[in-house]
Amino acid sequence: MSINRRKFIQQSALASSLLAMGPFTSYGNETTSKVRVGIVGGRFGATFQFHEHPDCIVEAVSDLREDRRNHLMKTYACQKSYPSLKQLLTDPKVDAVFLATPAPDHADHIIESLSAGKHVLCAVPLAMNIDECNRVKEAVLSSGKVFMMAETTTFMQGTITARKFYQEGKFGEIFSAAAEYNHPGLEILWFENGEPTWRHGLPPMHYPTHCTAFLISVTGERLKKVSCLGWGEGDGLLKGNPYHNPFWNETAFFHTDRNHPFRVEVNWKGALRNAERGEWRGEKMSLYLPTGHVGAGTIIREESEEGKDDAGFVHTKNNVEAFEFPNWWKTDLLPEPLRHNSGHDGSHTFITHEFIQAILENRSPMVDIYEALAYTVPGIVAHQSALNGGEQLLIPDYDD
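Structure report, in brief.

Cut-off values and rules
- Residues numbered from 1 in each chain as written.
- Predicted model: local features only at pLDDT ≥ 70, side-chain atom pairs only at ≥ 80, totals over all residues.
- Heavy atoms only, no water.
- Phe/Tyr/Trp six-rings, centres within 6.5 Å; stacked < 30°, edge-to-face > 60°.
- Lys NZ or Arg CZ within 6 Å of the ring centre and 35° of its normal.
- Buried < 20%, exposed > 50% of the residue type's maximum accessible area, 1.4 Å probe, protein only.
- Helix = DSSP H or I, 4+ residues; strand = E, 2+ residues; numbered from the N terminus.
- Pairing = 2+ DSSP bridges.
- Contact = heavy atoms within 4.5 Å.
- Axes fitted to C-alpha atoms, helices over the stretch in contact; angles between N-to-C directions.
- Core = buried A, V, L, I, M, F, W, Y, C linked by side-chain atoms within 4.5 Å.
- Salt bridge = Lys/Arg side-chain N within 4 Å of Asp/Glu carboxyl O.
- Parallel < 35°, antiparallel > 145°, perpendicular 65-115°, else oblique.
- Nonpolar A, V, L, I, M, F, W, Y, C, P; charged D, E, K, R; others polar.
- Expected span 1.5 Å × (residues − 1).

For the rest of this paragraph, the subject is the packing of aromatic side chains. Applying the stated criterion across every chain yields a total of 13 aromatic pairs. Ring pairing ties together the aromatic residues Phe44, Phe48, Phe50 and Phe98, which thus form one cluster. One Lys or Arg, lysine 269, reaches over the ring of tryptophan 248 and ends 4.3 Å from the middle of that ring.

A large share of strand 7 (residues 174–182) lies buried, amounting to eight of its nine residues. Taken together, the six bridges between strand 7 and strand 12 (residues 261–267) define a ladder with parallel strand orientation. By the bridge assignment for strand 12, alanine 179 is matched with valine 264.

Attention now moves to the sheet that holds strand 2 (residues 56–62). Backbone-to-backbone hydrogen bonds join strands into a sheet, with any given pair of strands oriented parallel or antiparallel. Judged by pairing direction, the sheet is parallel, and its six strands sit side by side in the order 3-2-1-4-5-6 without closing on themselves. Looking at the sheet topology across the chains shown, the edges are occupied by strand 3 (81–82) and strand 6 (147–149). On top of the sheet, helix 3 (residues 66–76) reaches strand 1 (35–40), strand 2 and strand 3; it is set at about 170° to strand 2, its chief contact.

The subject of this paragraph is the nonpolar core. Counting 113 residues, the largest nonpolar core has Phe50, Leu126 and Phe147 as the members making the most contacts within it. Sort the elements by how many residues they give to this core and helix 10 (residues 369–387) lands first, with 11 residues. Residues contacting phenylalanine 147, with those up to four places away along its chain left out, are Ile110, Val120, Cys122, Leu126, Val140, Pro365, Val367, Asp368, Ile369 and Ala372.

A few words on the pattern of salt bridges. Summed over all chains, the structure comprises 23 salt bridges. Between arginine 277 and glutamate 180 there is a salt bridge; the shortest N-O distance is 3.0 Å. Of this pair, arginine 277 sits in strand 13 (residues 275–282) while glutamate 180 sits in strand 7; the two residues are 97 residues apart in sequence, bridging distant segments of the chain. Residue arginine 277 is classed as buried on the basis of its relative accessible area of 10%. A residue is classified by how much of its surface remains accessible, and glutamate 180, at 19% relative accessible area, is buried. Where glutamate 279 meets arginine 281, a salt bridge forms, and the shortest distance between an N and an O atom there is 2.4 Å. A single network of salt bridges, built from pairs that share partners, joins Arg43, Arg65, Asp67, Arg68 and Glu192.

On to unusual backbone geometry. Negative phi is the rule for most residues except glycine; trans is the rule for most peptide bonds. Backbone torsion omega between valine 124 and proline 125 reads -5°, so that peptide bond is classified as cis. Looking at the element boundaries, proline 125 is found in the loop between strand 5 (119–122) and helix 6 (130–143). Backbone geometry at alanine 77 places phi at a positive 50°, although glycine is not the residue there. Among the structural elements, alanine 77 can be located in the loop between helix 3 and strand 3. In this structure alanine 77 comes out as exposed when scored by relative accessible area, which is 64%.

Quick look at the packing of helix 6 against helix 10 now. As a packed pair, helix 6 and helix 10 sit with axes 11 Å apart at the nearest point and diverge in direction by 175°. On the basis of their axis angle, the class for helix 6 and helix 10 is roughly antiparallel. On helix 10, the residues that touch Ile130, Cys133, Val136, Lys137, Val140 and Leu141 of helix 6 are Ile369, Tyr370, Leu373, Val377 and Ile380. Tallied by class, residues from the contact of helix 6 with helix 10 come to 10 nonpolar, no polar and one charged.

Strand order in the open sheet formed by nine strands is 18-15-14-13-7-12-11-10-19, and the pairing between neighbours is mixed. The sheet is open, and its two edges are formed by strand 18 (319–323) and strand 19 (393–394), each paired on a single side. Bridging between strand 11 (residues 249–256) and strand 12 involves seven bridges; their strand directions are antiparallel. Across the sheet, residue asparagine 249 finds its bridge partner in strand 12, namely asparagine 267. Lying on the sheet, helix 7 (residues 157–167) is in contact with strand 7, strand 13, strand 14 (285–288), strand 15 (297–301) and strand 18; it crosses strand 14 at an angle near 170°.

Once that is clear, we can look at helix 9 (residues 343–360). Here helix 9 spans 24 Å end to end across 18 residues, near enough to the 26 Å set by a 1.5 Å rise per residue. Burial runs high along helix 9: 14 of the 18 residues are buried. Of the residues trailing helix 9, asparagine 362 is marked for its positive phi of about 50°.

Put into structure tokens, the structure is as follows:
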């Protein structure tokens, strides 16, 4: 594949208002072609809208467990199922697969699916280590197929709004940003029927994409260096985890290629509110998302008006106001059947549509291999920094 995908996004996509208004151009009439999708993974995989997309047919589903296969068949009104990904990939009618499989399997499953000649949409994160990232990139670039990572943060209503504001210049320069993903109590998913699941002890920074996408998908910046600290001593349920991870929570301080700071927190334990939120702080305007997708956000605009602080000192007073985010899923950015709310702040319908349209238009999707690497790799390096007591480490550059 000779196309530089990052440049394609920055140039062609901007020309079609891809980043200015959100992930997509306005949706017109349905096409005569239909993308036939196979869905693999009966939990997360059952929360999308492929059966509602006018240009898509759910051809087959798969899960290792029969009860989950049946759930997928019911959800997508699909009559064909396979007990394994390997068997589904032999189906010549399947054009593309959605891999909603355990995170440690993503790299192998992506490569296997591309080798079978299928387009691939994969849940996050892209991979578990640098070697896997290298192998996935090579497989994607040599396949000639569409690859997309299903990062929900990129397509949240608040992120689409921030991207629009950024393209319109309303922030001015975004001089710093922050993001947090709090999921306290996640250890309830670490064991099932007395056996450990793939989530047991997963390093928090191995699941960074719900945070890193807040900055990268809005400004296009790349994260170049990181210092990270972890909290925990391998106690309790962390003992014996397959990742040899001693941390419940991790906080990373990134340095971007535009010399901006970016703070990221991923927390599994503590007196925390569930959160998947970002903050963009600009010279002219700042935007803060609410916690847990609930309630209004906050906009702060630079003003010249004078005010006083609580000690009576005079200062320039900025304007602070509550902000209700538009429901972009109600607009013609989506085909009519998908204009409804969906999982992760309305992102699932957008992910569904972007993947199908990228295949039909033979173009790079918004979260292509370069974006997926930019979201994922910084977290892998951040965890290594935490294991080394916060040592600042360089982050590999995967852009061509």
